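Coordinate inspection notes
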Amino acid sequence: MSTKTIKTLPGFAPTQLGVIASAMHETIGNTVIFQRKIANGWTPTPKQEEVRELALGRELDSEGTSIIAFMGALGQGKTTTAVNIGNELAAAYPGIKILVGRKTLKELHDTTKQVHVDELLKAGVDDYTENKKYSYIDTPNSSRFLYRSMDKVEKLSSLELGAFILDEASEVAEDFLLKVIERLRQPGIRRYIGLVVFNPTDKAHWLYKRFADMDHVLPNYHLVNAKLGDNPHLPAQYVQNLIREFINSPALYRRLVLGEWGIVQSGDPVFGGIFVKTTHMKAGLKFDPKYPILRGWDTGWYHPCCVFNQMVGEQMRTLRVMMGSKVHLDVFIRRIKDYSAMEFPNGRYIDFADPHNLDAPSDLAELNRLQTFHANKIMPRYRHSRVSMGLDIMARKMGLLVKGEPAYVISDHPSCELLIDAMEAGYCYMKPPEESGGKKLTKEQQKEPYKDGYYDHSVDCTRYIFVGLLGPGSESNQVVPMPDVAGYHFGGKPGQVRAMQELPSGIFAPKHDIIPLGKDDHKYLEQIRKMYGFVGPTVSKEGN
C-alpha cells in the first residue's frame, strides 16, 4: 500500500502519535465502508446460504476450526459462494490472510481469481490493491487473499492463515487439504474457516471419505450438496439443455444434474449398453439355502474384495459385495468368514480366486496367499483365462433372459452399490491417447479394462466366478488342481477330499470342515458346468 501525506495546519508539524492516530482512523473508516459494501454485495441462493451460515453463523464467535464442503451440480455458483464468503471473512477480520488455491496457477488466475475480482467489483469494492508478482490482493481494510497453485505441498509450509478456499478440490491431492489446515494458525482469529468446493466425485475419492463416510467424518467437517434445480436463478433453457444432454448418461446425470456422489468415468464403460441398472438390479433377492454361495476373491492389500453370488437355476445372482481398505489378507478373510456366517447361516461355499497372484507373498511372512486361504480353512478354485474371455461370458449372461428376467442380476442391497456403479460406468476401457494425453496404447491395452484400483476389484471377483463356472472346458482352461502346500494336497476322485496333514506352524488343515459333495451339490455343479471331473470338488462349511 502507498503511504499517505498527513495534512496539518500552517505552522504545525505532525507528531508520531498523530500519524498513528490518523492511520488508525483511516483503517477503521475503510473497514466500515468495506463491510457495508460486502454486506450488500451478493444475494445467495438457499443452498449457498446454508454454506454461508455454516461459515459465518453463530460458530464464528466461538473458538475452533470449521471445514465446510460445497458439492453441487453444474450451475450452482460454488466458486462464487466461496469467494463471497471469503470477502465476508476479510471484512469481519481486518488483516486476515486467506489462501485461495487450485491445482494449477493458470486455472487459478483464469477462473477462480477472475470470479473473485468480479464479485469485489459487483460489491462496489474497486479500491483493492493487486500484486501480480507475488500473486495476492489486499482489501481496503488490509486483509489479504493469497493465490497459490496446489502443485507442491512444501510451498505452503511457511504460511500463517486465518482461512482458506480450495476451488475444484477434486483435482488436488488430500495432502494439500491437510497442509492448509495445518497452516490455520494466524494470531487473533477466533474461528478458522476452510471452504472446499467441487463437482461430485466417486466414493473412492478422498473427499467422500472426509465429508460423507460416517466412519471417518470429523465433527467439525460439514457438507452441503446442491442439485441442478436448487439454483432458482438459472435460465430454464439452460436447465433443460443440461438434462437433455445427460439424460442418457446415468453416471453423468447423477453427478452433474442431481449433484450426488457418483461415477467418474475413466474411458468407455466395458458394459456400456449391456448393463442397465433398472433392468439388472433386482429388489428382494434373498439367500437360498438350497444352493451354495459362490465367493469370488480379490486379494490385494489396498482394496481386498469378496463378491457373494448364487446360481439359482440358470440365473446368476450377486447378493453381497464387501471391499476392504488397506487391510491384511488374513484379517480380511476372517472378516469375510464372520460376515458369511451372519448373512448366510449354515451356508455352503465354493470359492474362486485369481490364479495369477495366489503364489504371491501374503501379509504373513511364512505363507503365500494360497496358503493363507488354506490356513483359514478356505480352498479357492481357479481357472486360467484371459480377462476378455471372462468379460464376454458376463456380457452374454447379462443379455440373456430366463423366464422373463435377465440371466444375471444384482441385489439392491447397499453393499452391492459398488458393483452396480462399476457395471454401469465405473469399469472402463483405457482412454485412447488423444483423450488421455498419454502414450499410444498397445493392442493388449486396448482390449483390457483400466485398472483403476477401485471399481475393477468387484468386477474381477465376479469374473472369477463366471469363468470358474461357465468358462470353456478346453484343456488349456481347465480348473487347476491345488498344488502341494505345506505338506498336504487337495485332489482325488470326484466327491472326495484327501486327508490333510498338520501344517508346520501348528495350524491344522480343515479336515473336519471340508465335506464331500452331497447329491444335490453334484447335481447343481453338473447342471452348471461339467468341469470338476478331474479334481475333487469341495464345498466349505465354515467354522471359526
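To start, this report covers the structure provided alongside it. (Residues numbered from 1 in each chain as written. Predicted model: local features only at pLDDT ≥ 70, side-chain atom pairs only at ≥ 80, totals over all residues. Heavy atoms only, no water.)

1. Brief notes about the pattern of salt bridges
One pass over the full model with this rule turns up 26 salt bridges. Its salt-bridge partner being Lys106, residue Asp110 comes within 2.8 Å of it at the nearest N-O pair. With Asp110 and Lys106 both in helix 4 (residues 105-122) and four residues apart, the pair spans about one turn of that helix. Accessibility expressed as a relative area gives 61% for Lys106, which makes it exposed. Residues Arg144 and Asp138 are paired through a salt bridge, measuring 2.7 Å at the closest nitrogen-oxygen approach. Arg144 gets classed as partly exposed once you look at its relative accessible area, which sits at 26%. Judged by relative accessible area, Asp138 falls into the buried class, the value being 6%. In this structure, a network of salt bridges that share partners links the residues Lys451, Asp456, Asp460 and Arg463. (Salt bridge = Lys/Arg side-chain N within 4 Å of Asp/Glu carboxyl O. Helix = DSSP H or I, 4+ residues; strand = E, 2+ residues; numbered from the N terminus. Buried < 20%, exposed > 50% of the residue type's maximum accessible area, 1.4 Å probe, protein only.)

2. What to know about the packing of aromatic side chains
The geometry of an aromatic ring pair is captured by two quantities: the separation of the ring centres and the angle between the planes. Applying the stated criterion across every chain, the model contains twelve aromatic pairs. Ring centres of Phe287 and Phe344 lie 5.3 Å apart, and the angle between their planes is 65°; on these two criteria the pair is classed as edge-to-face. Linking Phe287 in the loop between strand 9 (281-282) and strand 10 (293-298) with Phe344 in the loop between helix 10 (329-343) and strand 13 (348-353), this pair joins segments that are 57 residues apart in sequence. Exposure remark for Phe344: the relative accessible area of 2% places this residue in the buried category. Where Trp301 meets Tyr302, the ring centres are 5.0 Å apart and the plane angle is 70°; that geometry is what we call edge-to-face. The exposed category is assigned to Tyr302, whose relative accessible area is 56%. Here the aromatic cluster, defined as three or more aromatic residues joined through ring pairs, consists of Phe287, Phe308, Tyr339 and Phe344. Above the plane of the ring of Tyr147 lies Lys113, whose end atom (NZ or CZ) is 5.3 Å from the centre. Seen from the ring of Tyr136, Arg144 lies directly overhead, with NZ or CZ sitting 3.7 Å from the centre. (Phe/Tyr/Trp six-rings, centres within 6.5 Å; stacked < 30°, edge-to-face > 60°. Lys NZ or Arg CZ within 6 Å of the ring centre and 35° of its normal.)

3. A word on the sheet that holds strand 1 (residues 64-72)
If you walk across this open sheet you meet the eight strands as 3-4-5-2-6-7-1-8, and the pairing is mixed. A strand with exactly one partner marks an edge of an open sheet, and here the two such strands are strand 3 (129-131) and strand 8 (221-226). For this sheet the average axis-to-axis angle between neighbouring strands, irrespective of direction, equals 15°. Bridge count for strand 1 against strand 8 is six bridges, and the pairing is parallel. Counterpart to Ile67 in the pairing with strand 8 is Tyr221. Contacting strand 1, strand 7 (191-198) and strand 8, helix 2 (residues 46-56) runs over the sheet at an angle of about 170° to strand 8. Along the sheet, helix 5 (residues 174-182) contacts strand 1, strand 2 (97-102), strand 6 (163-166), strand 7 and strand 8; its crossing angle with strand 6, the most-contacted strand, is approximately 165°. (Pairing = 2+ DSSP bridges. Axes fitted to C-alpha atoms, helices over the stretch in contact; angles between N-to-C directions. Contact = heavy atoms within 4.5 Å.)

4. Describing the layout of surface pockets
By rolling a water-sized probe across the atoms, one finds the places where empty space is left. Size it by volume and the largest pocket reaches roughly 1100 Å³. Residue lining of the largest pocket: 29 residues in total, with Lys203, Asp213, Met323, Ser325 and Tyr454 positioned closest to the centre. Looking at the lining of the largest pocket, the elements that each hand over two or more residues are helix 6 (206-211), strand 12 (315-323) and helix 13 (417-426). Looking at the lining of the largest pocket residue by residue, the class counts come to twelve nonpolar, eight polar and nine charged. (1 Å grid on protein atoms, 1.4 Å probe; cavity = no way out; pocket = protein on both sides within 12 Å on 5 of 7 lines; lining within 4 Å. Points joined across faces, edges and corners; volume = space filled by probe spheres on them. Nonpolar A, V, L, I, M, F, W, Y, C, P; charged D, E, K, R; others polar.)

Honestly, it's all geometry; don't read function into it.
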